[in-house]
Each structure stands twice: as C-alpha cells, then as structure tokens.
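# Summary of the model geometry
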Amino acid sequence: MMSPFHISAIALISLILRLILTVHSYNSPLDELSKIRRRISHRTSTPEDSTLHVQPGSSFKVALFADLHFGEDAWTEWGPRQDVNSIKVMSTVLDEEQPDFVVYLGDVVTANNIPIQNSSLYWDQAISPTRDRGIPWASVFGNHDDMPFEWPMEWFSSTGIPPLHCPVNASCPGESEGGKGCSFKGTTRLELMMNELKMNNLSYSKFGPKDLWPSVSNYVLKLSSTDDPESVVAYMYFLDSGGGSYPEVISNAQAEWFNRTSQEINPNSRVPEIIFWHIPNQAYKTVAPRFYAHRNCIGSMFVEKVSAQEAETGMMKLLEGRSSVKAVFVGHNHGLDWCCPYKNMWLCYARHSGYGGYGNWPRGARILEITQQPFSLKSWIRMEDGYVHSEVLLSSSTRKE
Ligand SMILES: [Zn+2]
C-alpha cells in the first residue's frame, strides 16, 4: 500500500509532466504563422511562383483599387451601405475592363473603425469581387489597415458608461470560434496577410522578408511571356510604406532590400520596373504642389496637398538611379489622381475606389496596360459610371521633369 507521501509525490510528478506537455503543445501566434508559411511556401519560395504570364502578342492589364476603407461604422446603417457601394465600383470596373490582375493599393480596411476580433472579415469582402471573377491579385498595406481601434466619442452615454456597438455575428471566415462580439486590440499586418493567403489561391501577396517586419508586403512579381518564360516583360515591386502601427516611412532596410533584389534579378536594368506602395514620398510634393501641377502632369484632380511619408531614407535615390524604373503608383490622397513626370520616371496616384474614407469625389480605378515587344506602359482612369479619362503613355520617352 502506498503512503500519503507516495501518493502526493506521484500527483506532483504527474502535475509537472502535464505542465511540460502543456508548454510543449502551446502554439504561439508565431508558431502558427510559421506553420502557415510552410504550407504556403510553394507560393513564397521559388521565383516561378511569383511569376505572372502574358500571352505573346497580347497586353497585360492591371486594375488598381486604392483606399477602399471597408468596415467603417459597421454599427450604423451607413457603414455597410458604403461597403456595398465599393463592391459595385469594383464590379463595374472589373466587368468593363476585364483586367488580368488587380492590385489592392492599401487602406483596404479602416481598422481604426473596426471593433471586432479579426478585421480580415472586411478584408475578405473587399477582395471578393476580384476573387469571384477568378482574377489573381496582390495587396500592399496602407496606414489604415492595422491602425488601433479609436473609440467614437458618441459611444459614451451621458451617464458616462459607454454602450458597446459591435457588429453581431461578425465571424471571420475560416475561424470556427469567430470574432463575435467586441475586440479593440486590432488586427496586425501579419494576421491580415496570413488570413489573405490562408483563404485564397489567387493571391500573389507575400509576407516579405522577415528582417523587414513590422513592414510587411515587400516583394516582387515577375511578368513573363507564356511562350518564353525566360524573357521577362516587367518586374512589379511592392513595398509597405508604413503607417498605422508604426511610422509612415520606407526604411533604409527596405531600400537596401530593393537595391539587393533589383541588382540580383535585373542587374543591367534591362527589364522595365514598376513600383507600388501606398503613401506618396517627398518627391510627389515637388511635382505637383497644391492647386498647381507642372504642365506635363495628366489627371483630373489636383485639389489636395500631397500627404507624403514622414522621411525620405534613400528609396527615391535608388529609383532615380535605375533607368528601368518607369513609374511609381500610390494611393493615400483621395483627392488626387494625377501622373506627373519626375526625372527618369512617372509619379502617379491611383484613383480613390472606395466609398469608405474621406472625400466624396466620384469613385474609379486607375488601369495599367503593359504591352511587350516593344514594351509600353499605358494608363487611364475608369470611373464607376464607365467614363474613361486621363490616358497617359508612361513609357513615353518625351517626358521631362
Ligand atoms: Zn485612404
């Protein structure tokens, strides 16, 4: 027979064993992330998987959806109505233009307005018109995508006790426990990206190199001809211009990464390069100060001041040094839609596509058309009502600063 001492010793040992097992079986969010990364590594590790294809003799069309701002004021009738309107804008543009690819150019959601556990619910709604049509896409982050939730002052009642207004049954697709009820911690860039990739086969988005985090979505896609995958038509670079959970900046480390990558894949600047990020950089200020644009600018809205990144840390110098760089595309300023020549390239705004976000200017999307042999990059803006304007040849050799 065992003494009470023996029994408690056995109980103690089994408790320790259980604790060890519990610690071992605990999955931190980072463990989960690395598991998902392994599962999706076929899309992130080999260059082939970052390749888009264009038929010989035909062009490759890209639609830019900028500043959709899904998920605003979900506790009112107004908010969800705006999202429905934004879906209509995207559907119209996609049906009329039939693009081969879509770029979500940041501020896909207004995270500072989303009080649920996982704002991927709204992110998913925003990409649904593209996915439903079987069109592949890529996304970059804007400053609103992972902003912390801001309590609306009107939530505070006269008694001083804030009544909660969270969307009910707001569950994230793919999550059984869902995101029901309120949560105010926000959804990180890594979580948003993880969910986009986990739930979609058509997404070409990437986490980007780990050493650049918290700046996520830094990656490059290659556009090749179907008849000769070795002949590259263009490289498309995507960079996270920050904002939200950290400063609005393209860091030295990102510039270094761009430098290394471009030297490696396009050492002689032989292949044309196109750049996408969300927040304009300082150079945008020099080409179109408020209410005035250099005469070579092409666009329909010049009504705002350029809201540039907080600092310039070398990215622009690198782009200026590469004759292969044709154009940079940004969103962020909803009241600007121009393209202006700058040194060897064009600096372009997209067009505010969403009913969310500030400003009531009519919505639309910038379209890019890439042709090969010889290479050309043409762009125009397609409005929600079908009107097309501001056509510009961005590969034109006549451009001057
Ligand atoms: Zn915006």
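Residues numbered from 1 in each chain as written. Predicted model: local features only at pLDDT ≥ 70, side-chain atom pairs only at ≥ 80, totals over all residues.

Taking an unreviewed UniProt entry as the reference, the protein is identified by name as Calcineurin-like phosphoesterase domain-containing protein belonging to Anisodus tanguticus.

Within the protein, the regular secondary structure consists of nine helices and 13 strands. In the protein, which comprises 401 residues, the proportion classed as buried is 44%. For the protein, the proportion of contacts with a sequence separation of at least 24, taken over those separated by at least 6, is 72%. (Helix = DSSP H or I, 4+ residues; strand = E, 2+ residues; numbered from the N terminus. Buried ≥ 20, exposed ≤ 12 C-beta atoms within 10 Å, placed from the backbone. Contact = placed C-beta atoms within 7 Å.)

The linkage connecting Trp213 with the following residue, Pro214, adopts the cis geometry, with an omega of 10°. Following the sequence through the fold, Pro214 ends up in the loop between helix H6 (189-199) and strand S5 (219-225). Of the consecutive residues Gln373 and Pro374, the connecting peptide bond is found in the cis state with omega at 0°. Here His69, not a glycine, exhibits a phi torsion of approximately 55°, which is positive. Mapped onto the elements of the fold, His69 is located in the loop between strand S2 (60-65) and helix H4 (78-97). Under the C-beta neighbour-count criterion, His69 is labelled buried, with 28 such atoms within 10 Å. With a phi angle near 50°, Gln98 is a residue other than glycine that sits in the positive phi range. Locating Gln98 in the fold gives a position in the loop between H4 and strand S3 (101-104). Assessed through the 11 C-beta atoms surrounding it within 10 Å, Gln98 is described here as exposed.

Okay, the sheet that holds strand S13 (residues 388-393) next. Whether parallel or antiparallel, the strands of a sheet pair through hydrogen bonds between backbone atoms. Read from one edge to the other, the open sheet built from six strands follows the order S4-S3-S2-S11-S12-S13, with strand pairing classed as mixed. Since the sheet does not close on itself, it has two edges, and those belong to strand S4 (137-139) and S13, each with one partner. Put simply, the sheet's adjacent strands are angled 20° from each other on average, direction ignored. In the sheet, S2 pairs with S3 via four bridges, with the strands oriented parallel. Paired with Phe65 across the two strands is Tyr104, which belongs to S3. (Pairing = 2+ DSSP bridges. Axes fitted to C-alpha atoms, helices over the stretch in contact; angles between N-to-C directions.)

What follows concerns the pairing of strand S11 (residues 364-371). Of all eight residues in S11, six are buried; the element is thus mostly enclosed. For S2 and S11, the ladder comprises five bridges, and the chain directions are antiparallel. Bridging from a neighbouring strand, Ala63 pairs with Ile367 of S11. In this sheet, strand S12 (residues 376-383) lies alongside S11 in antiparallel orientation, the contact comprising eight bridges.

Attention now goes to the environment of Gly364. With respect to the element layout, Gly364 can be found in strand S11. The class of Gly364 is buried, set by 28 C-beta atoms lying within 10 Å. Sequence separation between Gly364 and His352 is twelve residues, and the spatial gap between their C-alpha atoms is 6.2 Å.

In terms of burial, strand S10 (residues 345-349) is largely enclosed, as five of its five residues are buried. Judged by which residues are buried, S10 turns out to be covered on both faces: Met345, Leu347 and Tyr349 on one side and Trp346 and Cys348 on the other are all buried. Note that strand S8 (residues 325-330) and S10 share four bridges and pair parallel. Of the residues in S10, the one forming a bridge with Val330 is Tyr349. Two elements, strand S9 (residues 339-342) and S10, share four bridges in a ladder whose sense is antiparallel. When the bridges of S10 are listed, Cys340 appears paired with Leu347. Here S9 folds back onto S10 in antiparallel fashion, the turn holding two residues, of which Lys343 has a positive phi close to 50°.

On to the sheet that holds S8, then. A sheet is described by the order of its strands in space; here seven strands give the open sequence S1-S5-S6-S7-S8-S10-S9, paired in mixed fashion. Unpaired on one side and paired on the other, strand S1 (51-54) and S9 mark the two borders of the sheet. Pairwise comparison of adjacent strand axes, ignoring direction, gives a mean angle of 20° for this sheet. Summarising the sheet, strand S7 (residues 273-276) and S8 pair through four bridges and their orientation is parallel. Looking at S8, one finds that Ile275 is bridged to Val328.

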